[in-house]
Amino acid sequence: MIDRAGLAEFLRRRRESLQPEDVGLPRGQRRRTSGLRREEVAMLCHISADYYSRLERERGPHPSDQMIASIAQGLHLSLAERDHLFRLAGHQPPLRGGAGDHISPGMLRIFDRLADTPAEIVTELGETLRQTPVGIALTGDNTRYTGPDRSIGYRWFTDPATRALYHPDDHTLHSRVFAAGLRETVTRRGPHSWAANLQSLLYARSEEFRAVWNDHEVGVGFNEVKRFIHPELGPIDLTCQALVDPAASQALLVYTAIPGSESYDKLQLLAVIGDQLNSFDAPPASPHN
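Okay, so let's go over this structure. (Residues numbered from 1 in each chain as written. Predicted model: local features only at pLDDT ≥ 70, side-chain atom pairs only at ≥ 80, totals over all residues. Heavy atoms only, no water.)

Before going further, it helps to spend a moment on the overall build of the chain. When helices and strands are tallied, the chain shows 13 helices and five strands. For a compact globule of 289 residues, the expected C-alpha radius of gyration is about 19 Å, and the chain comes in at 21 Å, within 12% of that figure. Once the C-alpha set of the chain is aligned to its principal axes, its extents read approximately 55 × 50 × 25 Å. A buried classification covers 45% of the 289 residues belonging to the chain. The contacts of the chain with a sequence gap of at least 6 include a subset with a gap of at least 24, amounting to 56%. If you sum the accessible surface of the chain, you get close to 14,900 Å²; carbon and sulfur atoms cover 53% of it. Of the side chains in the chain, 33 bear a positive and 37 a negative charge, and the two mean positions are spaced by 7 Å. (Helix = DSSP H or I, 4+ residues; strand = E, 2+ residues; numbered from the N terminus. Rg over C-alpha atoms; globule rule 2.2 N^0.38 Å. Buried < 20%, exposed > 50% of the residue type's maximum accessible area, 1.4 Å probe, protein only. Contact = heavy atoms within 4.5 Å. Areas by Shrake-Rupley, 256 points an atom, 1.4 Å probe, with all protein chains shown as cover. Lys, Arg positive; Asp, Glu negative; His and termini not counted. Charge placed at Lys NZ, Arg CZ, Asp CG, Glu CD.)

Structural data, given as structure tokens:
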């Protein structure tokens with residue numbers, strides 16, 4: 001059963017404890033609210049402000065588990081806080097492990113400070129959970145995919161458009177990396193996991209995947225420099241650094257270029273494109289900021 005009073009109080013306390021800079025929002029000069037406003041939380045959670053306000057007032061419909069997961073992420077809750085929120089809402093918390101999409105508050109704080117850099121947070125299966133505007137300008141919005149297509153490894157073998165983003169000379173290595181990485185994940189997660197399901201789907205769909213899978217390779221890694229082919233700017237060579245969260249089996253990938261190089265100049269152009277994308281998505285200014 002939902003604990004409406006406990007849920008409302010917990011949401012209020014968590015909202016009031018967060019500052020705009022904690023979640024990557026501007027503070028503004030005339031701010032009177034001690035923490036975040038309800039409208040800001042609603043925006044972060046991708047729900048309507050009216051719906052969120054009703055939850056804090058102990059009213060409204062019983063929120064779904066998907067809604068609670070979105071609120072937990074928007075409020076930058078820890079895993080313990082997320083599980084508590086699920087129980088207050090009358091749901092069993094999701095199982096912890098590699099299949100989870102919940103990003104830790106620490107990882108989000110780092111990500112929020114990379115707005116001018118291509119960066120993304122990915123799962124162990126290469127599913128993009130968050131992506132900076134410059135990252136979207138580089139490869140497109142990888143968070144839009146659903147089902148098996150969420151995994152870049154799956155798209156690599158099934159969607160030619162995914163391959164077109166990378167230098168053709170690197171395609172063979174990429175195929176080996178994705179197959180080897182999937183093999184390791186299947187072994188780690190077991191035969192009934194989502195990783196095993198992806199392997200079965202790919203084995204049925206892709207002759208190339210069957211060939212590299214049957215080589216039984218593990219431990220294959222990418223080159224230090226990833227060579228992208230941007231549809232407008234052409235070749236861009238970027239170094240990829242990864243910050244791994246082992247508790248959630250997620251990684252923050254950050255792409256940089258050597259200062260003074262042609263790729264560095266192109267990255268500055270991508271930053272301008274990213275700023276334009278970000279301005280399109282930004283909420284309208286409020287006089288109470």
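All right, on to helix α5 (residues 79-88) then. Side chains of residues three or four places apart in an α-helix project in the same direction, reflecting 3.6 residues per turn. Every buried residue of α5 is listed here: Arg 82, Asp 83, Leu 85, Phe 86 and Leu 88. Check the buried side of α5 and you find it contacts α1 (4-17) and α4 (65-74). A positive backbone phi angle near 85° is found at Gly 90, which sits one or two residues after α5.

Overall, antiparallel pairing links the five strands, which are arranged β2-β1-β5-β4-β3 in an open sheet. In this open sheet, the two edge strands, each paired with only one partner strand, are β2 (128-131) and β3 (225-230). Pairwise comparison of adjacent strand axes, ignoring direction, gives a mean angle of 30° for this sheet. Across six bridges, the pairing between β3 and strand β4 (residues 234-245) is antiparallel. Considered in β4, the bridge of Ile 229 is made with Pro 235. (Pairing = 2+ DSSP bridges. Axes fitted to C-alpha atoms, helices over the stretch in contact; angles between N-to-C directions.)

Moving on to the environment of Ala 49. Following the sequence through the fold, Ala 49 ends up in helix α3 (residues 49-56). For the pair Ala 49 and Val 186, spaced 137 residues apart in the sequence, the C-alpha separation amounts to 41 Å. Leaving out residues up to four positions away in the same chain, Ala 49 has contacts with Glu 39 and Ala 42.

Here we come to the side chain of Thr 128. For Thr 128, the location among the structural elements is in strand β2. Thr 128 sits in the buried class, given a relative accessible area of 8%. Not counting the four nearest positions on each side in its chain, Thr 128 is found in contact with Glu 120, Ile 121, Val 122, Asn 142, Thr 143 and Arg 150.

All right, on to the packing of aromatic side chains then. One pass over the full model with this rule turns up seven aromatic pairs. Between the NZ or CZ atom of Arg 155 and the centre of the ring of Tyr 145, over which it lies, the distance is 4.0 Å. Here the guanidinium or amino end of Lys 226 rests over the ring plane of Phe 222, the centre of that ring lying 4.3 Å away. (Phe/Tyr/Trp six-rings, centres within 6.5 Å; stacked < 30°, edge-to-face > 60°. Lys NZ or Arg CZ within 6 Å of the ring centre and 35° of its normal.)

These values are about where atoms sit, not about what they do.
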